[in-house]
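Here is what each chain is made of, one letter per residue.
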Amino acid sequence: MQMSIKIFSGTGSQYLAEKIAQKFGAALGKITISKFSDGEIQPVFQESIRGDMVFLVQSTFAPAENMLELLLMIDAARRASAYKVVAVIPYYGYARQDRKDKPRVAIGSKLMANMLVAAGADRVITMDLHAPQIQGYFDIPVDHLDSSAIFIPYIQQLQLENLTFAAPDVGSANRIREIASYFNAEMVICDKHRKRANEIASMVVIGDVTGRDVVLIDDICDTGGTLAKAAGLLKEKGARSVRALCTHPVLSGNAYSNIEKSVLEELVVCDTIPMKQKLDKVKVLSVAELFAVAIRNAYENRSITGLFIHSQRRNS
């Protein structure tokens, strides 16, 4: 007898899980996530999941309760005799803490991976990890989706004449190089130096942007300081227009103000994290269909590779 599939959502990603389920063609499963008076979280599945392949949708952005809620949902699913439990994490929090870059610090992304595996997850589906090697922190399969499948069609419909891609820092160069090669376009790098977290001391542009329509691409937009500074510098260097595409709109601190006051034409983000407020400069693209297809492929034991733009281009 073939196992059935059920999709459930945590409270933090309800808005996205509903769209994923709709694109998949199924209703969200029934689950109640309640809190005791002292704040303890208790998820309860309101339907049988015995022998089912269960997908739990929850991004682990702040507050930390989102991560704890996901862990408890995984544990509850295991104890309810689910056949497989897949954690669908559109935004994987603590991914920026991926190495020990100074003495006496935690490697947060590794700890998060350990907890997900210990809770009983059989697989993780996520998108645009801050560093792809974070997949190696897991001892279970990780399907690492790429936002280029969403951003590339958007860039194509803009029909920019003098397209140039910009990496907001050296660490993003590989990601940008792949997209630039897809369009056969030039790329430049904004090399930045920080005094401390979220504070840029200096930045220089490596490459020529005179008269170019520049597209900045990054995985996370946090305070917006890097994008605002990079956009301003690119305009000073002669860029005709500057826009930014970022997968995860963390948008903390003065981010909305920084983006609004910047010279950016627009900031395009995905809905992996809910927007706290609306901003005319910010456009949101949905990842729902991409995750719905990934869930179906995982359920049917089909390849995920075909979801990547570069793979589609190579196969064609």
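Definitions and limits used
- Note on numbering: residues in each chain are counted from 1, in written sequence order.
- At least 70 in pLDDT is required for a residue's local features to be given in this predicted model, at least 80 for side-chain atom pairs to be given and counted, and no such filter applies to totals for whole chains, interfaces and linings, which use all residues.
- Side-chain numbers here rest on the full set of heavy atoms in the structure, without hydrogens or water.
- Secondary structure elements follow DSSP: runs of H or I no shorter than four residues count as helices, runs of E no shorter than two count as strands, and numbering proceeds from the N terminus.
- For a compact globule the rule gives 2.2 Å times the number of residues to the power 0.38, and the radius of gyration it is set against comes from C-alpha atoms.
- Each residue is assigned to one of three classes by its accessible area relative to the maximum for its type, calculated with a 1.4 Å probe on protein chains only: buried under 20%, partly exposed between the two thresholds, exposed over 50%.
- An arc is given here, and it is the one of the directions from the helix axis to the C-beta atoms.
- To define axes, lines are fitted to C-alpha atoms, for helices over the stretch in contact only, and angles between the resulting N-to-C directions are given on a 0 to 180 degree scale.
- Any angle from 65 to 115 degrees is called roughly perpendicular, while one under 35 is roughly parallel, one over 145 is roughly antiparallel, and all others are oblique.
- Any two residues having at least one pair of non-hydrogen atoms within 4.5 Å are treated as being in contact.
- Nonpolar residues are Ala, Val, Leu, Ile, Met, Phe, Trp, Tyr, Cys and Pro. Charged residues are Asp, Glu, Lys and Arg, and all others, Gly as well, are polar.
- Each salt bridge in this description consists of a side-chain nitrogen of Lys or Arg and a carboxyl oxygen of Asp or Glu lying within 4 Å of one another.

**Q** When you look at the overall build of the protein chain in this model, what are you seeing that I'm missing?
**A** When helices and strands are tallied, the protein chain shows nine helices and 14 strands. A globule of 316 residues ought to have a C-alpha radius of gyration of about 20 Å, and the protein chain, at 20 Å, matches this closely. Based on the C-alpha atoms only, the size of the protein chain along its principal axes is roughly 60 × 50 × 35 Å. The 316 residues of the protein chain split such that 52% are buried.

**Q** Help me understand helix H1 (residues 14-24) in this model?
**A** Given 3.6 residues per helical turn, the α-helix brings residues three or four places apart onto the same face. Considered for burial, the residues of H1 that qualify are Leu16, Ala17, Ile20, Ala21 and Phe24. With its buried residues spanning 135 degrees around the axis, H1 presents them on a single face. In H1, the exposed positions angled more than 90 degrees off the buried face are occupied by Gln22 and Lys23. Just downstream of H1, Gly25 is the residue with a positive phi angle, here 95 degrees.

**Q** What is the right way to read the packing of helix H2 (residues 65-79) against helix H3 (residues 108-119) from this model?
**A** A packed helix pair is summarised by two numbers, namely the angle formed by the two axes and the spacing between the axes. Two elements in contact, H2 and H3, have axes whose closest approach is 8 Å; the angle formed by their N-to-C orientations is 25 degrees. Classified by the interaxial angle, the pair formed by H2 and H3 is roughly parallel. Within the contact between the two elements, H2 uses Met67, Leu70, Leu71, Ile74, Asp75 and Arg78 and H3 uses Met112, Met115, Leu116 and Ala119. Residues belonging to the contact of H2 with H3 are distributed by class as follows: eight nonpolar, no polar and two charged.

**Q** So what exactly am I meant to see when it comes to helix H4 (residues 148-158) here?
**A** Taken as a whole, H4 has its buried residues at Ser148, Ala149, Ile150, Phe151, Ile152, Tyr154 and Ile155. Phi for Gln159, located one or two positions after H4, is positive at around 50 degrees.

**Q** I'm lost on the pattern of salt bridges in this one. Help?
**A** Pairing between side chains becomes possible if they bear opposite charge and their charged atoms approach one another. In total, this model carries 14 salt bridges according to the counting rule given. Here Lys6 ties to Asp52 by a salt bridge, and the two come within 3.3 Å at their closest N and O atoms. Residue Lys6 is located in strand E1 (residues 5-9), and its partner Asp52 is located in the loop between strand E3 (41-45) and strand E4 (53-57); the two are separated by 46 residues in the primary sequence. For Asp52, a relative accessible area of 7% puts it in the buried group. Overlapping salt bridges, with partners in common, bring together Lys6, Glu47 and Asp52 in one network.

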